[in-house]
Amino acid sequence: MVYRSLVRPILFRLPPETAHELALLSLSLFPIRKLVARPLEAPALRINRFDHWFANPVGLAAGFDKDGIALESLAALGFGFIEAGTVTYHPQPGNPKPRMFRLAADQALINRAGFNNGGAAAFARRVEHHRPDCVLGISIGKSKITPLEEATADYLASFELVYKLADYVAINVSSPNTPQLRELQQSDQLTSLLAALQTRNVELQKRYGRLTPLPLLVKISPDLEQRDLEMIVDVIERLKIDGIIATNTTVSRDNLRTDERRVEACGAGGLSGKPLTSRATQMIAELYQLTGGRIPLIGVGGIFTAEDAWEKICAGASLIQLYTGFIYKGPRIVRQINEGLVEILRREGFAKIDEAVGSRAKGIQGNR
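Residues numbered from 1 in each chain as written. Predicted model: local features only at pLDDT ≥ 70, side-chain atom pairs only at ≥ 80, totals over all residues. Heavy atoms only, no water.

**Some details on the overall build of the protein chain**
Short version of the rule: The helix count covers DSSP runs of H or I at least four residues long, the strand count covers runs of E at least two residues long, and both are numbered beginning at the N terminus. Put simply, the radius of gyration uses C-alpha atoms, and a globule should come to 2.2 Å times the residue count raised to 0.38. Residue-level accessible areas treat just the shown protein chains as cover; the underlying method is Shrake-Rupley with a 1.4 Å probe.
Along its length, the protein chain carries 15 helices and 13 strands. For 368 residues, the compact-globule formula gives about 21 Å, and the C-alpha radius of gyration of the protein chain, at 19 Å, lands near that figure. Projected onto its principal axes, the C-alpha coordinates of the protein chain cover approximately 50 × 50 × 45 Å. Per element, the accessible surface of the protein chain, about 15,900 Å² overall, is 52% carbon and sulfur.

Below, the structure is given as structure tokens:
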């Protein structure tokens with residue numbers, strides 16, 4: 001209530017990116033982990049994926065803390081996992097400002113930040129001394145200055161830098177805000193990139209004495225057609241990639257409540273939030289059906305409530321991530337969703353969250 005009645009009105013008077021930077025700075029400066037009450041303990045929410053136990057299925061999506069400056073405080077809010085980044089090999093300022101816009105009537109955001117970050121080396125130095133007390137995923141992407149034909153080398157360089165810090169690495173090939181990046185979702189390009197990463201993965205496993213290779217996940221666009229999904233699943237299965245994150249932001253502007261002229265004035269960028277809820281959930285169901293549930297899915301897109309999270313879990317997501325919902329509803333959203341999931345499990349007769357994954361995928365799958 002304090003966030004909604006006091007903090008959010010103040011933050012929402014500021015430009016979106018300024019508010020975001022202020023929130024991150026506050027989290028990095030103040031020892032939130034010492035102030036927050038004991039996190040929710042709910043054995044029914046524990047789930048094992050990617051060789052790790054997650055205390056609960058609610059994670060923070062990549063993009064919120066790109067440079068890993070507030071991971072410890074964010075973890076103290078009760079997230080089961082955090083995905084930091086997206087980081088790139090070369091430090092880069094991102095696209096010109098303004099590049100983030102609120103569509104409050106739609107509970108949505110448009111952003112074209114463009115992977116603004118201090119680079120993978122600086123990220124690794126910082127996070128080495130400030131790892132969060134939860135599962136840590138690290139998202140890596142292509143540097144803007146790197147030509148598409150050199151993308152693989154660019155990803156490999158970032159991968160090596162973050163390897164020892166990550167519990168899993170997410171390969172971001174789906175942001176709409178880096179020129180040509182989405183072309184890496186095409187069959188030949190994706191195969192080449194992922195094969196190279198898997199080869200380096202095995203090399204690093206031996207170098208650092210890991211028992212198994214580091215889990216690799218691919219983050220995909222919600223704007224893909226069915227045939228694209230089928231191709232991506234085929235590549236992922238052939239190369240034994242560990243998981244899929246569905247989905248990134250969309251370039252679609254369909255069915256928005258916000259005045260059309262205001263939306264157009266925002267310009268290009270990826271749309272996130274409530275307008276993406278159904279689209280992302282249906283894609284998760286499609287992926288679950290295509291993979292037969294064999295490949296773990298992380299569901300992202302328009303999650304604001306426990307019911308939203310439950311829909312994605314029933315569609316096939318083992319884990320879910322927040323971004324826009326976290327910004328609109330504040331830090332209490334993590335506990336609210338987890339508490340709500342415990343109640344839903346009781347209501348639906350499931351003993352643990354794992355039993356519900358994909359339980360309604362057939363019924364949810366439909367036309368996006």
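**Overview of the side chain of Gln321**
Defined as follows: Nitrogen and oxygen atoms within 3.5 Å of one another constitute a polar contact, given that in protein one can donate a hydrogen and the other can accept it, and given that sequence-neighbouring residues count only through two side-chain atoms. We call two residues in contact whenever any of their non-hydrogen atoms come within 4.5 Å of each other.
Mapped onto the secondary structure, Gln321 falls in strand E13 (residues 317–322). In terms of polar contacts, Gln321 uses its side chain to reach the side chain of Glu83, at 2.9 Å. Within polar-contact distance, the side chain of Gln321 engages the side chain of Tyr168 at 3.5 Å. Those residues in contact with Gln321 that lie beyond four places of it in its chain are Gly59, Leu60, Ala61, Phe81, Glu83, Tyr168, Ile245, Ile298, Gly299, Val300, Gly301 and Ile303.

**With respect to the pairing of strand E8 (residues 168–172)**
We count it as follows: For every residue, the accessible area obtained with a 1.4 Å probe (protein chains only) is divided by the maximum for its type, and the residue is called buried under 20%, exposed over 50%, and partly exposed between those limits. At least two DSSP bridges between two strands are required for those strands to pair.
Burial analysis of E8 places 5 of its 5 residues in the buried class, which makes it a mostly covered element. Across the two faces of E8 the burial is the same, with Tyr168, Ala170 and Asn172 and Val169 and Ile171 all buried. Summarising the sheet, strand E7 (residues 135–140) and E8 pair through 4 bridges and their orientation is parallel. Residue pairing for E8: Ser139 is matched across the bridge by Ala170.

**Concerning a nonpolar patch on the surface**
Applicable threshold: Patches here: salt-bridge-free residues with over 30% relative accessible area, like charges joined within 9 Å, nonpolar side chains (Val, Leu, Ile, Met, Phe, Trp, Tyr) joined within 5 Å. Salt bridge criterion: a side-chain nitrogen from Lys or Arg within 4 Å of a carboxyl oxygen from Asp or Glu.
The grouping of Leu25, Leu29 and Phe30 at the surface amounts to a nonpolar patch, some 320 Å² of accessible area in total. Mapped onto the fold, Leu25 is located in helix H2 (residues 16–29). Assessed through its relative accessible area of 43%, Leu25 is described here as partly exposed.

**Quick word on the sheet that holds E13**
What counts here: Think of each axis as a best-fit line through the C-alpha atoms, taken over the contacting stretch in the case of a helix, with angles from 0 to 180 degrees between the N-to-C directions.
In spatial order, the strands read E3-E4-E7-E8-E9-E10-E12-E13; together these 8 strands close into a barrel with parallel pairing. Strand-to-strand, the axes of this sheet are offset by a mean angle of 25 degrees, without reference to chain direction. Sheet analysis places strand E3 (residues 58–60) next to E13, joined by 3 bridges and oriented parallel. Bridge assignment links Gly59 to a residue of E13, and that residue is Gln321. Sheet contacts for helix H6 (residues 151–162): strand E4 (81–87), E7, E8 and strand E9 (216–220); angle to E7, the most-contacted strand, approximately 160 degrees.

**A word on H6**
The following threshold applies: Helices are assigned an expected span. That span is 1.5 Å times one less than the residue count.
Look at H6: 17 Å from first C-alpha to last across 12 residues, which is about the 16 Å you get at 1.5 Å a residue. For H6, the full list of buried residues reads Ala151, Asp154, Tyr155, Leu156, Ser158, Phe159 and Val162. Among the structural elements, E4, helix H5 (120–128), E7, E8, helix H7 (187–208) and E9 are those in contact with the buried residues of H6.

**Structural notes on the sheet that holds strand E6 (residues 108–111)**
Taken in spatial order, the 3 strands make up an open sheet running E5-E6-E11, and their pairing is antiparallel. Of all the strands in the sheet, the pair left with one neighbour each is strand E5 (100–103) and strand E11 (270–273). Averaged over all pairs of adjacent strands, the angle between their axes in this sheet comes to 20 degrees, without regard to strand direction. Where E6 lies against E11, 4 bridges are found, and the strand directions are antiparallel. Bridge pairing in E11 links Ile110 to Leu271.

**Notes on the packing of aromatic side chains**
For clarity, the cut-off: Side-chain rings of Phe, Tyr and Trp, where Trp is taken by its six-membered ring, are said to pair if the distance between their centres is within 6.5 Å; with planes under 30 degrees apart they count as stacked, over 60 as edge-to-face, and otherwise as tilted. The rule is short: NZ of Lys or CZ of Arg within 6 Å of the ring centre and within 35 degrees of the ring normal puts a charge over the ring.
For the structure shown, the criterion picks out 10 aromatic pairs. Following the ring pairs from residue to residue traces out a cluster consisting of Phe64, Phe79, Tyr323 and Phe326. Its end group placed over the ring of Phe12, Arg102 keeps NZ or CZ at 4.3 Å from the ring centre.

**Focus: the nonpolar core**
Note the following rule: Residues belong to a common nonpolar core when they are buried Ala, Val, Leu, Ile, Met, Phe, Trp, Tyr or Cys residues joined through side-chain atoms within 4.5 Å.
Formed by 108 residues in total, the largest nonpolar core has its most connected members in Leu194 and Ile220. When residues in this core are grouped by element, the largest group, 7 residues, is from helix H13 (residues 332–348). Ranked by size, the runner-up nonpolar core spans 8 residues in total, among them Phe101, Ala108, Ile110 and Leu256.

**Focus on the pattern of salt bridges**
Per the counting criterion, the structure on display carries 17 salt bridges. The closest approach of N and O atoms between Arg347 and Glu307, which form a salt bridge, is 3.2 Å. On the criterion of sequence distance, the pair formed by Arg347 in helix H13 and Glu307 in helix H11 (residues 306–315) is long-range, its members being 40 residues apart. Through salt bridges with shared partners, a single ionic network connects Glu160, Arg200 and Glu203.

**Regarding the environment of Ser192**
Secondary-structure assignment places Ser192 in helix H7. Judged by relative accessible area, Ser192 falls into the partly exposed class, the value being 44%. Residues Ser192 and Thr152, spaced 40 residues apart in sequence, show a C-alpha to C-alpha distance of 7.7 Å.

**Observations concerning the side chain of Asn177**
Relative to the elements of secondary structure, Asn177 occurs in the loop between E8 and H7. Polar side-chain contacts of Asn177 include one of 3.1 Å to the backbone oxygen of Asn111.

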